[in-house]
Amino acid sequence: MTQPTLQPDYGASAIKVLAGLEAVRTRPGMYIGSTSARGLHHLVWEIVDNAVDEALAGHCRNIEIALLDDDVVSVTDDGRGVPVEIHPQYGVSAATLVFTKLHAGAKFENQAYKVSGGLHGVGASVVNALSQWMEVTIWREGQVWRQRFERGEPKGVLTAGERTRKRGTRVVFRPDTEIFPDTTYHFETLQNRFREMAFLNGGLRLVVTDQRTRPEGEVPPSSEFCYEGGISSFVAYLNEGRHVLHPIIAFRDTMDNIEVEVALQYHTDYSESVASFVNCIGTVEGGTHETGFKLAHTRVMNEYGRKLGVWKKKENLTGEDLREGLTCILSVRMGEVQFEGQTKGKLGSPEARAAVEKVVDKHLATYLEEHPDIAREVLDKASKAAAARDAARKARAAVRSGDKGGGRTSLEGKLTRCTTRDPMERELFLVEGDSAGGSDNQARDSRTQDILPLRGKPLNTERAPLAKVLQNKEILAITQAIGAGVGTDFALDDAQYGRVVILADADDDGAHIRC
């Protein structure tokens, strides 16, 4: 057996060890997800998260974020200020340590922060490493302290300045153009994120302003967010313009040292929106806490549905049916958080699932007991959702099989077919009525063009459930002709036509076909 030949340049000297912030600059995606707009804005999230942690600890009430010229960002809070004394082990100020050393922070134990979003101790130092420069101002111990960094390296020591009664921290930085291809911040992105943070921290004031130079006479955009109602205000904001079924249901409790807060409300639409957060960090990929909510919600709703006699079937309604029309905010605050990845998109802490299940089991069941009329209305909606979903499943199956029974339509004698079998060459013309179909048959290219006449006014599908949509013979005919399925089963690659063309008059019937 031939022995593999090692490349001559692969030896001990080829093994590189990246020390300190050099690793961050070499592989930034490991720490902020990417160097795209998402990663660029993540720098701001990291600094603001530190300020929010001060708010969670009860020491901060105001956070101000400003966009300045040259893509510079300023974040100011009125918290306790980053510690400035000399660290006994490293011989530099604690502030210098926080901004220059990975995994340096006060959040590994529960002494300075009972709960926090920044648990890895890398946020501030990563932002510093990926910035062309950073300037830190700290108001603490009756003095103003300042220090400047360039690409993560200190330019001098932390220096004490004038006396002050103020307290807090200001971080000003400019993203490094060597790392980010585009360093332009988007005000709307920041605005949306900080509105969300204000909802999650009732009473916390966040102000974001765009102070970049603008054309003369143009007013710089600015937004201030502060919501005393917390996540209940969040749900009300998300449901604006919708017809809601009941007042917002909100409860908060602590289980196993994990604080769980839930606000939810049903509306008459069909969409589901469950947003979850851990220590004010949005977990867009869900995690154990969201799993705990969905399990408990499904279990409690099914148990109470049988108790009220809304349905008597042995099988439970699915969570999908029970969450149709639900808007919910789930916020968890806990120590020792286990996120899956530094960007914190998914919670991995197993204890969060048990805590959320217990809180939802307890408080949702109590609410349903105390408000049977609301419970019945919500459960009736879920029961109808299950029936509609079952009808839609059967309708989709009929579409796939081309079922001609049960009142379904047949395309034979209705669809005038062309001769080519290549879907990319074929065109489907939807025309208004049989008379138009006859005229178009005479003018068509019989090799590549199919004609499908439609009668009457096809159903307006915008708010109709799928089962009702597929009971309309004209829509069913279109769906069967195209052959790509419908709803969640739709697959464009299965379409029998490369192009669908609508031929309709400019009258009322034609307008319905066009829409």
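Relevant structure appears above.
Residues numbered from 1 in each chain as written. Predicted model: local features only at pLDDT ≥ 70, side-chain atom pairs only at ≥ 80, totals over all residues. Heavy atoms only, no water.

1. Some remarks on the sheet that holds strand β15 (residues 427-432)
Moving on, step 1. Pairing in this open sheet of three strands is parallel, and the strands run β16-β15-β17 from one edge to the other. Each edge of the open sheet is held by one strand with a lone partner, namely β16 (449-454) and β17 (499-503). The average angle at which neighbouring strand axes cross in this sheet is 20°, direction not considered.
Moving on, step 2. As defined by bridge partners, β15 adjoins β16 across six bridges and the pair is classed as parallel. Pairing of Glu432 across the sheet is with Leu454, part of β16. (Pairing = 2+ DSSP bridges. Helix = DSSP H or I, 4+ residues; strand = E, 2+ residues; numbered from the N terminus. Axes fitted to C-alpha atoms, helices over the stretch in contact; angles between N-to-C directions.)

2. Structural notes on the nonpolar core
Moving on, step 1. Residues Val44, Val48, Ile63, Ile65, Phe173, Phe194 and Leu206 are the most contacted members of the largest nonpolar core, which totals 59 residues.
Moving on, step 2. Each residue touching Val44, except ones within four places of it in the same chain, is listed here: Ile65, Val73, Phe173, Tyr185, Leu190 and Phe194. (Core = buried A, V, L, I, M, F, W, Y, C linked by side-chain atoms within 4.5 Å. Buried < 20%, exposed > 50% of the residue type's maximum accessible area, 1.4 Å probe, protein only. Contact = heavy atoms within 4.5 Å.)

3. Re the pairing of β15
Moving on, step 1. Where burial is concerned, most of β15 is hidden: six out of the six residues are buried.
Moving on, step 2. Alternating positions in β15 separate into two faces, Glu427, Phe429 and Val431 on one and Leu428, Leu430 and Glu432 on the other, with burial throughout.
Moving on, step 3. Looking at chain direction, β15 and β17 are connected through five bridges and run parallel. Bridge pairing links Leu430 to Ile502 in β17.

4. Remarks on the sheet that holds strand β13 (residues 281-282)
Moving on, step 1. An order of β10-β11-β14-β12-β13 is seen for the five strands of this open sheet, with the pairing classed as mixed. The sheet terminates laterally at β10 (249-255) and β13, the two strands that pair on one side only.
Moving on, step 2. Pairing of strand β12 (residues 273-278) with β13 involves two bridges; the strand directions are antiparallel. Residue pairing across strands places Phe277 opposite Gly282, the latter belonging to β13.
Moving on, step 3. Contacts from helix α7 (residues 231-238) reach β10, β11 (258-266), β12 and β14 (326-333), with the element oriented near 30° to β11.
Moving on, step 4. Packed on one face of the sheet, helix α8 (residues 288-308) meets β11, β12 and β14 and runs near 130° to β14.

5. Notes on unusual backbone geometry
Moving on, step 1. The backbone of Cys280 shows a phi angle near 75°, a positive value even though the residue is not glycine.
Moving on, step 2. Position of Cys280 relative to the elements: it lies in the loop between β12 and β13.
Moving on, step 3. For Cys280, a relative accessible area of 2% translates into the label buried.
Moving on, step 4. Positive phi values are uncommon outside glycine, yet Glu336 reaches one of about 55°.
Moving on, step 5. In this structure, Glu336 sits in the loop between β14 and α10 (350-370).

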